[in-house]
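# Structural features, examined
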Amino acid sequence: MTARLRAALLALALAAGYSGGAAAQLDPGLRDAARAEQPALVASLREMVSIESPSIDGAGLTRLGDWIERRLQALGARTERPVPTRGTATLVKATFTGTGQRRFLLLAHMDTVYPPGTLAREPVRQEGRRLY
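Structure report, in brief.

Definitions and limits used
- Residues numbered from 1 in each chain as written.
- Predicted model: local features only at pLDDT ≥ 70, side-chain atom pairs only at ≥ 80, totals over all residues.
- Heavy atoms only, no water.
- Helix = DSSP H or I, 4+ residues; strand = E, 2+ residues; numbered from the N terminus.
- Buried < 20%, exposed > 50% of the residue type's maximum accessible area, 1.4 Å probe, protein only.
- Contact = heavy atoms within 4.5 Å.
- Areas by Shrake-Rupley, 256 points an atom, 1.4 Å probe, with all protein chains shown as cover.
- Core = buried A, V, L, I, M, F, W, Y, C linked by side-chain atoms within 4.5 Å.
- Polar contact = N/O pair within 3.5 Å; in protein donor to acceptor, adjacent residues only side chain to side chain.
- Salt bridge = Lys/Arg side-chain N within 4 Å of Asp/Glu carboxyl O.
- Expected span 1.5 Å × (residues − 1).

For the protein chain, the count of helices and strands is 5 helices and 4 strands. From first element to last, N terminus to C terminus, the protein chain shows the α and β order α-α-α-α-β-β-α-β-β. Out of the 132 residues in the protein chain, the part that is buried amounts to 23%. Pairs at least 24 apart in sequence give 48% of the contacts found in the protein chain among residues at least 6 apart. Of the accessible surface of the protein chain, which amounts to about 9700 Å², a share of 57% is contributed by carbon and sulfur atoms.

As structure tokens, then:
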């Protein structure tokens, strides 16, 4: 795992408010690098949740998939858009090629749990260290 990837994962944990014992023993340089990236991570989270993408909204899922694909490509990933065998799912597959020996898989879903129009009534907001 590269230092950049470790920093991104740590930034994600910090953004989520993780403060477990393992985090306290992290390399101070890595911790500081992750904290420096935290504002950009929060900005990305705001952008993502501002794209309404309910499970039943193929267009919304495509918009979010396009956004995610662009971001992954900007990080150096080779991306593919596999066609699902059924449903309105949008799939984004990204591959990063490095020089290390370890391999890992990150799997996530893109759909939101709220119906279209919710953001008009309940816009994304940040209160202190929390994003709602």
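Right, picking up where we left off after that structure.
Core analysis: the largest hydrophobic core is formed by 7 residues, namely Ile51, Leu64, Trp67, Ile68, Leu72, Ala77 and Met110. Contacts of leucine 72, omitting those with residues within four sequence positions, involve Ala77, Thr79, Val92, Ala94 and Phe96.

A few words now on the side chain of serine 44. Checked against the element boundaries, serine 44 lands in helix H3 (residues 28–49). Among the polar contacts made by the side chain of serine 44, one reaches the side chain of arginine 71 at a distance of 2.9 Å. For serine 44, the residues in contact, after removing those within four places along its chain, are Trp67 and Arg71.

Another point: the pattern of salt bridges. Under the criterion given, the structure shown has 6 salt bridges. A salt bridge links glutamate 69 to arginine 81; the nearest nitrogen and oxygen atoms lie 2.7 Å apart. Here arginine 81 lies in the loop between strand S1 (78–80) and strand S2 (93–95) and glutamate 69 lies in helix H4 (residues 58–74), a separation of 12 residues in the sequence. Between glutamate 80 and arginine 78 there is a salt bridge, with its nearest N and O atoms 3.3 Å apart. On the accessibility criterion, glutamate 80 (33% relative accessible area) is partly exposed. Among the ionic contacts, a cluster of salt bridges with common partners joins Asp66, Glu69 and Arg81.

The next thing to look at is the environment of threonine 62. Looking at where threonine 62 falls in the secondary structure, it is placed in helix H4. Between the C-alpha atoms of threonine 62 and threonine 88, which are 26 residues apart in sequence, the distance is 9.1 Å. Among all residues touching threonine 62, those that are not within four sequence positions of it are Arg81 and Thr90.

Right, let's get into H4. The terminal C-alpha atoms of H4 lie 24 Å apart, and with 17 residues this matches the ideal 24 Å at 1.5 Å per residue to within 8%. Along H4, the positions that sit buried rather than exposed are Gly60, Leu61, Leu64, Gly65, Trp67, Ile68, Glu69 and Leu72. Looking at the buried side of H4, the elements it contacts are H3, S1 and S2. Among the residues of H4, the N-terminal cap falls to aspartate 57, whose side-chain oxygen and the backbone nitrogen of alanine 59 are separated by 3.2 Å. Positioned one or two residues after H4, glycine 76 has a phi angle of 100 degrees, which is positive.

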